[in-house]
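One letter stands for each residue in the lines below.
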Amino acid sequence: MSFTVVGIGELLWDIFPTNKRLGGAPVNFACHCGQFGAEAYPVSSIGDDALGSELRNALTEINADQSYISDNHEHPTGTVQVTLDENAKPSYEICENVAWDMIRMTPELEALAPQADAVCFGSLCQRCSVSYATIHDFLGGMRPDALKIFDVNIRQAFFNKEIIAASLAHANILKLSDEELPVMAEMFGLSGSVQEQLRSMLDVFDLSLIAYTRGPDGSLLVSADEISEHPGCTGKAVDSVGAGDSFTATLCMGLLDNRSLSKINDHANRVATFVCTHVGAVPAFPQELKEV
């Protein structure tokens, strides 16, 4: 069975010291889902400029659908300055007032929303009121049974409690990292162990699942009646950009296929480790990773 999956949000160039690469968490997510066989649609906006043309060429090279990527004639294509530390962990400097801040609802997007089996969205693209409104309108137009995955993706100061709370009100699945949980805990007054904090969020925000990632130390998947813990996989990290997005994509496809949490958790860790050990956010998966 083929599923329709959407990643809505930022589309940009990650600018490294020696090169630039296609980037943006929701777009990475959609491209990874496409590798698993989904009808995957990135939703974003790029500038009517040279960087935008190059982005379209890069998307074509990885067979990404561009039907819902609009051209903006007033704002430039987004860029992010990326720095990697000695463990290949990235830090970001994100430009403001760019095309993906201005994603607008269209009749085509309105028609896509009820067709989508799953969507992934984050907090970063909600920093501007235009894209914020479009994301929430899209979520509101989806079927009640669709997966609505909120990948918090906290970056710089481009988030606040209102954005996070409004996103959680729409979401039924939350994905966050071990760096983001303390921020969320302080924001919403959570206390206790990691599992207790995750359980609290599960209850308070009426979520069906929380995915908590710990980098090379694996992950926790927490639902109302089950916890799956994975210790992580071994592999020398080369570039961890996009690894979290690949985890979210694998999680999404596993849930759509009604796989067990333990099987999903293992698969997602293997996929994320593969991405970490290869250059680029969306390396081509080997056949064995496309299968459970």
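Residues numbered from 1 in each chain as written. Predicted model: local features only at pLDDT ≥ 70, side-chain atom pairs only at ≥ 80, totals over all residues. Heavy atoms only, no water.

### Observations concerning the overall build of the chain
Okay, so step 1: A count of helical and extended segments in the chain gives 10 helices and 13 strands.
Okay, so step 2: The globule rule puts the C-alpha radius of gyration for 292 residues at 19 Å, and the 17 Å found for the chain is close to it.
Okay, so step 3: Based on the C-alpha atoms only, the size of the chain along its principal axes is roughly 50 × 40 × 40 Å.
Okay, so step 4: Across the chain, contacts joining residues at least 24 apart in sequence account for 69% of those joining residues at least 6 apart.
Okay, so step 5: A total accessible area of about 12300 Å² is found for the chain, and carbon and sulfur atoms account for 48% of it. (Helix = DSSP H or I, 4+ residues; strand = E, 2+ residues; numbered from the N terminus. Rg over C-alpha atoms; globule rule 2.2 N^0.38 Å. Contact = heavy atoms within 4.5 Å. Areas by Shrake-Rupley, 256 points an atom, 1.4 Å probe, with all protein chains shown as cover.)

### Quick look at helix H4 (residues 129–140)
Okay, so step 1: Helix length check: H4, at 12 residues, gives a terminal C-alpha distance of 16 Å against a target of 16 Å (1.5 Å per residue), a fit within 8%.
Okay, so step 2: Residues of H4 that are buried include every one of Val 130, Ser 131, Thr 134, Ile 135, His 136, Phe 138 and Leu 139, and no others.
Okay, so step 3: Packing partners of the buried residues in H4 comprise strand S1 (4–8), helix H3 (107–112), strand S8 (118–121), strand S9 (147–151) and helix H5 (161–170). (Expected span 1.5 Å × (residues − 1). Buried < 20%, exposed > 50% of the residue type's maximum accessible area, 1.4 Å probe, protein only.)

### Focus on the sheet that holds strand S10 (residues 173–177)
Okay, so step 1: Overall, mixed pairing links the 9 strands, which are arranged S5-S4-S1-S8-S9-S10-S11-S12-S13 in an open sheet. Among the strands making up the open sheet, the edge pair consists of strand S5 (69–72) and strand S13 (227–230). The average angle at which neighbouring strand axes cross in this sheet is 15°, direction not considered.
Okay, so step 2: Across 4 bridges, the pairing between strand S12 (residues 219–222) and S13 is antiparallel. Note that in S13 the partner of Leu 220 across the bridge is Glu 229. (Pairing = 2+ DSSP bridges. Axes fitted to C-alpha atoms, helices over the stretch in contact; angles between N-to-C directions.)

### Considering the pattern of salt bridges
Okay, so step 1: For the coordinates displayed, the defined rule picks out 9 salt bridges.
Okay, so step 2: Measuring nitrogen to oxygen at the nearest pair gives 2.9 Å for the salt bridge that ties Lys 20 to Glu 54. Taken together, the residues span a long stretch of sequence, with Lys 20 in strand S3 (residues 20–23) and Glu 54 in helix H2 (residues 50–61) at a distance of 34 residues.
Okay, so step 3: Ionic pairing is found between Arg 127 and Asp 101, a salt bridge with its closest N-O pair at 2.8 Å. Placement of Arg 127 in the loop between S8 and H4 and of Asp 101 in the loop between strand S7 (90–94) and H3 is noted, with a sequence separation of 26 residues between them.
Okay, so step 4: On the accessibility criterion, Asp 101 (2% relative accessible area) is buried. (Salt bridge = Lys/Arg side-chain N within 4 Å of Asp/Glu carboxyl O.)

### Things to note about the pairing of strand S4 (residues 39–47)
As a general feature of sheets, a regular strand has side chains that alternate between the two faces.
Okay, so step 1: Most of S4 sits out of view: 8 of its 9 residues are buried.
Okay, so step 2: One ladder, built from 5 bridges, connects S1 with S4; its direction is parallel. Paired with Val 6 across the bridge in S4 is Tyr 41.
Okay, so step 3: In the sheet, S4 pairs with S5 via 4 bridges, with the strands oriented parallel. Paired with Ser 45 across the bridge in S5 is Ser 70.
Okay, so step 4: A crossover connection joins S4 to the parallel S5 through H2; in handedness this β-α-β unit is right-handed. (Right-handed = clockwise from strand over helix to strand, strands pointing away.)

### Re the packing of helix H1 (residues 25–35) against helix H8 (residues 243–256)
Okay, so step 1: Where H1 contacts H8, the two axes come as close as 8 Å, and the packing angle between them is 50°. Here H8 runs oblique to H1, going by the angle between their axes. Remark: the crossing between H1 and H8 carries right-handed chirality. Between H1, through Ala 25, Asn 28, Phe 29, His 32 and Cys 33, and H8, the contact on the second element is made entirely by Asp 245, Ser 246, Thr 248, Ala 249, Cys 252 and Met 253.
Okay, so step 2: Looking at side-chain class alone, the contact of H1 with H8 contains 6 nonpolar, 4 polar and 1 charged residues. (Parallel < 35°, antiparallel > 145°, perpendicular 65-115°, else oblique. Left-handed = near helix turned anticlockwise from the far one by under 90°. Nonpolar A, V, L, I, M, F, W, Y, C, P; charged D, E, K, R; others polar.)

### Structural notes on the sheet that holds strand S6 (residues 78–84)
Okay, so step 1: Strand order in the open sheet formed by 4 strands is S3-S2-S6-S7, and the pairing between neighbours is mixed. Single-partner strands in this sheet number two, and they are S3 and S7. Adjacent strand axes in the sheet meet at a mean angle of 35°, parallel and antiparallel pairs treated alike.
Okay, so step 2: By the bridge criterion, 4 bridges tie strand S2 (residues 12–15) to S6 in an arrangement that is parallel. Residue pairing in the sheet places Asp 14 in a bridge with Val 80 of S6.

### Some details on the nonpolar core
Okay, so step 1: Core analysis: the largest hydrophobic core is formed by 51 residues, its most contacted members being Val 6, Phe 138, Leu 174, Leu 176, Leu 198 and Met 201.
Okay, so step 2: Residues in contact with Leu 198, not counting those within four places in the same chain, are Leu 176, Leu 181, Ile 210, Tyr 212, Leu 220 and Val 222.
Okay, so step 3: If you look at the next biggest cluster of nonpolar residues, it comprises 34 residues, including Cys 33, Ala 40, Ala 243 and Leu 256. (Core = buried A, V, L, I, M, F, W, Y, C linked by side-chain atoms within 4.5 Å.)

### Description of the environment of Asp 239
Okay, so step 1: Relative to the helices and strands, Asp 239 resides in the loop between S13 and H8.
Okay, so step 2: Judged by its relative accessible area of 1%, Asp 239 is buried.
Okay, so step 3: Measuring from C-alpha to C-alpha, the distance between Asp 239 and Leu 84 comes to 7.9 Å, with 155 residues separating the pair along the chain.

In short, geometric facts, not functional conclusions.
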